[in-house]
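A look at the structure
Here is how the chains run, residue by residue.
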Amino acid sequence: MVTMTFDDVLIDHVGEFGKAQRIYFFLVCLTAIPCAYHSFANTFLSGSPKHHCSLEEALKYGASDSMECAIPWDEKNGEWSKCTEYKSHNVSEDLKNCTHFGKDGLTECRSGWIYDNEIYGDTVVTDWNLVCDKNWMRQLGKSIVLLGKLIGSFVFGQLSDKFGRKKILMIALIIQVVSGVASSLSKSFPVFIVFQFLVGSTCSGVFITAFVFVTEMVGPSWRTFIGITIEYFYTFGYIILAGVAYALRDWKNIELALSLPSILLFSYYWLIPESPRWMIAKGRYDEGMKVLKKIAKINNSTFPENGIQNILNDKENNEVESETAKELFITPTMRKKTFLISFNWLTNSMVYYGLSFHTESLGTNPYFSFFIAGAVEVPAYILSQLLLNRLGRKKLLCIFMVIGGLVLLSTTVIKDYKIPVLICAMIGKLCITASYGIIYLYSAELYPTSVRNVGLGFSSVCARIGGVSAPYILLIGDTTLVVMPLILFGAQSLLAGVLILLLPDTLNKKLPDTVSEADKHKIVRCKHLCGDSRPKDHYRSVNVDDSAV
């Protein structure tokens, strides 16, 4: 009996992307929107407005007629000093000449701070005075979400491969809503941080599980389309966040507005099925067959009984593999793939979040700058979709990362010109966004079904390490050059783009189901990239068993 793969059954008997898959795809993609909200919300929740030391008669920022008597002027930044005041001053006195003040030097603010409410309303910073020597706590608010995404990537990835895509997706959604609402009700910064960590962990849990689900539900000719299209929903959430934050201003209202609508997603428990590809890989053949029959019926396709039986025979003749992270390192080829993929995830995340958070320093209006940074993601994904099936995953990923790296490095030359630096930063954001979308799809196609979610989870852990470091890399710009973070981001993008050439391409290849199948796709050796005298195609990406492709 001729055996069939899962993709063969989709193509011949179910439909690669029929009506049923389109419905499930749209529904699951909606979960990416709140993931974007919560990933970047601290840009505004922890927004730091202009501020100076509190004065007795000052009711708002810069309101005192005797500011020069008490607060030194910061010539470099063109504003009142944020963290210091003169040691000897009494602004309640009717003083016309206060040049004698300041002779005793400066001191830290003694009566708190006055905040400018022109751009931000109440934020975590203003509620708990996270300024000056507590500024690192504001950065912690941004990093803790990414740290949560790091832990969530690993935990939810493992759980999803063990217990199923749908079940873990629902659990992550529930935790996300509860933690988001609890964050808005926090009465202290430590409590806020705890719930932001939980929110961050579910962002990875929801998005990665959703991404794997939609990837596994469609045939190979549609994987590129759905792998990139889900990113549009994430970008949509990115852009909406700017509007919500601008309209509401108060951090508690913003967090509530971002969290409560996701309650509607709880209905997915009844609306979407479990991934049939996962169920078959786990040996739950009868359940997988029922889901495939249901999908085929909605798609108006004929699903023969022996279609699934051929898959069963194929699976029963193969050794059942364990679904743990150790499978990512069990063979030399898998180890190399895991290292190269993970390094690129780390780089993509570090640069992506670094450029997203850096928009606050690149313009006068943080809401508009954030909106533009989100808007450039749309052409990035359009370019990816147009070129992925023409150039392949590997080559296009390399092109975007190298171009983005070179553009960011060019800010060394134009560092004194704000508009050109902003343009370069946005071009870099476009390139890194495109590569970020590709790396998700590329990784899902390289890892086998048995450890696909574990593989994406591990890669996402590495990505979150890069993301967590991004806010602190931005602090380098405060003590050196404003463009120094852009230069560091550019250098690492360039390196990662070159290293990706050592991986095989996956364009039009069958999704591997086992580690042994994935291991057949050999890593390209470095010698033809590093000046070896042998022909360039001597070391090419090959599949030992071409019949498996």
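Residues numbered from 1 in each chain as written. Predicted model: local features only at pLDDT ≥ 70, side-chain atom pairs only at ≥ 80, totals over all residues. Heavy atoms only, no water.

One pass over the structure, following the stated rule, counts seven salt bridges. Across the salt bridge formed by Asp 7 and Arg 277, the nearest N and O atoms sit 2.6 Å from each other. Of this pair, Asp 7 sits in helix α1 (residues 6-14) while Arg 277 sits in helix α13 (residues 276-281), and the two are 270 residues apart along the sequence. Using a relative accessible area of 5% as the deciding quantity, one classes Asp 7 as buried. Close ionic contact of Glu 445 with Arg 393 constitutes a salt bridge, the shortest N to O distance being 2.8 Å. On the criterion of sequence distance, the pair formed by Glu 445 in helix α20 (residues 418-446) and Arg 393 in helix α19 (residues 393-409) is long-range, its members being 52 residues apart. (Salt bridge = Lys/Arg side-chain N within 4 Å of Asp/Glu carboxyl O. Helix = DSSP H or I, 4+ residues; strand = E, 2+ residues; numbered from the N terminus. Buried < 20%, exposed > 50% of the residue type's maximum accessible area, 1.4 Å probe, protein only.)

So, about the state of the cysteines. As enumerated under the stated definition, the model contains two disulfides in all. Disulfide pairing places Cys 53 opposite Cys 109 at an S-S distance of 1.9 Å. Sign of the S-S torsion, about -75 degrees for the bond between Cys 53 and Cys 109, identifies this disulfide as left-handed. Here Cys 109 lies in the loop between β5 (106-108) and β6 (113-115) and Cys 53 lies in strand β1 (residues 51-53), a separation of 56 residues in the sequence. One exposure class covers both Cys 53 and Cys 109, and it is buried. Put simply, Cys 83 and Cys 132 are joined by a disulfide, and their sulfur atoms are 2.0 Å apart. (Disulfide = S-S within 2.5 Å.)

This paragraph deals with the packing of helix α10 (residues 223-248) against helix α17 (residues 366-375). Running from N to C, α10 and α17 cross one another at 170 degrees; their axes reach a closest spacing of 8 Å. One way to sum up the angle between α10 and α17 is to call them roughly antiparallel. Mapping the contact onto sequence places Thr 235, Tyr 238, Ile 239, Leu 241, Ala 242, Ala 245 and Tyr 246 in α10 and Tyr 367, Phe 370, Phe 371, Ala 373, Gly 374 and Ala 375 in α17. The class makeup of the residues in the contact of α10 with α17 is eleven nonpolar, two polar and no charged. (Axes fitted to C-alpha atoms, helices over the stretch in contact; angles between N-to-C directions. Parallel < 35°, antiparallel > 145°, perpendicular 65-115°, else oblique. Contact = heavy atoms within 4.5 Å. Nonpolar A, V, L, I, M, F, W, Y, C, P; charged D, E, K, R; others polar.)

A few words now on a nonpolar patch on the surface. A surface patch of nonpolar side chains, amounting to about 440 Å² of accessible area, comprises Leu 147, Ile 151, Phe 154, Val 155, Leu 159 and Phe 163. Mapped onto the elements of the fold, Leu 147 is located in helix α7 (residues 135-163). (Patch = residues over 30% accessible without salt bridge, like charges linked within 9 Å, V, L, I, M, F, W, Y side chains within 5 Å. Areas by Shrake-Rupley, 256 points an atom, 1.4 Å probe, with all protein chains shown as cover.)

A few words on the environment of Arg 165. Locating Arg 165 in the fold gives a position in helix α8 (residues 165-184). For Arg 165, a relative accessible area of 0% translates into the label buried. In this structure, the C-alpha to C-alpha distance between Arg 165 and Pro 276, residues 111 residues apart in sequence, is 10.0 Å. Here Ser 160 takes part through its backbone oxygen, which lies 3.4 Å from a polar atom of the side chain of Arg 165. (Polar contact = N/O pair within 3.5 Å; in protein donor to acceptor, adjacent residues only side chain to side chain.)

Further remarks concern the nonpolar core. By size, the foremost hydrophobic cluster in this structure holds 131 residues, and its most contacted members are Val 14, Phe 40, Tyr 234, Tyr 352, Tyr 353 and Phe 489. Of all the elements, α20 adds the most residues to this core, at 15 residues. Here Tyr 353 is in contact with Ser 39, Phe 40, Leu 146, Lys 149, Tyr 234, Tyr 436, Arg 464, Gly 467 and Ala 470, once residues within four sequence places are set aside. One finds Cys 53, Leu 55, Ala 70 and Ile 71 within the second-largest nonpolar core, a separate group that totals nine residues. (Core = buried A, V, L, I, M, F, W, Y, C linked by side-chain atoms within 4.5 Å.)

Here the phi dihedral of Cys 132 falls at roughly 55 degrees; this positive angle occurs in a residue that is not glycine. Topologically, Cys 132 is positioned in the loop between α6 (124-128) and α7. With relative accessibility at 23%, the residue Cys 132 sits in the partly exposed group. At Asn 300, a residue that is not glycine, the phi angle is positive and equals roughly 60 degrees. By the element assignment, Asn 300 lies in the loop between α14 (285-298) and α15 (305-316). Assessed through its relative accessible area of 73%, Asn 300 is described here as exposed.

Our next topic: the packing of α10 against α20. Viewed as axis vectors pointing N to C, α10 and α20 meet at an angle of 135 degrees, and their least axial separation amounts to 10 Å. With respect to α20, the element α10 is oriented oblique. Here α10 and α20 pass one another in a crossing that is right-handed. Together, Arg 223, Thr 224, Gly 227, Ile 228, Glu 231 and Tyr 238 of α10 and Lys 429, Gly 437, Ile 438, Tyr 440, Leu 441 and Glu 445 of α20 make up the contact between the two elements. (Left-handed = near helix turned anticlockwise from the far one by under 90°.)

For any part of a model where pLDDT is low, the fine detail of the predicted coordinates should not be relied upon. When pLDDT is averaged across the protein, the result is 80; 81% of the residues are at 70 or more. For the stretch residues 314-322, pLDDT sits under 50, and the model shows twelve contacts to residues farther than four places along the chain or on other chains. With pLDDT under 50 throughout, residues 524-549 is counted as low confidence; its partners more than four residues away or in other chains account for 34 contacts. (pLDDT = per-residue confidence, 0-100.)

Moving on, we get to the side chain of Thr 235. Here Thr 235 is to be found in helix α10. Non-local contacts of Thr 235, meaning those with residues more than four positions away in its chain, are made with Gly 374, Glu 377, Val 378 and Tyr 381.

This structure, assessed with the given rule, holds 29 aromatic pairs. Summarising the aromatic geometry, the rings of Trp 73 and Trp 80 are spaced 5.0 Å apart at their centres and angled 85 degrees between planes, so their arrangement reads as edge-to-face. Trp 80 sits in the buried class, given a relative accessible area of 18%. Just above the ring of Tyr 269 sits the side chain of Lys 166; from NZ or CZ to the centre is 5.1 Å. One Lys or Arg, Arg 249, reaches over the ring of Tyr 246 and ends 4.4 Å from the middle of that ring. (Phe/Tyr/Trp six-rings, centres within 6.5 Å; stacked < 30°, edge-to-face > 60°. Lys NZ or Arg CZ within 6 Å of the ring centre and 35° of its normal.)

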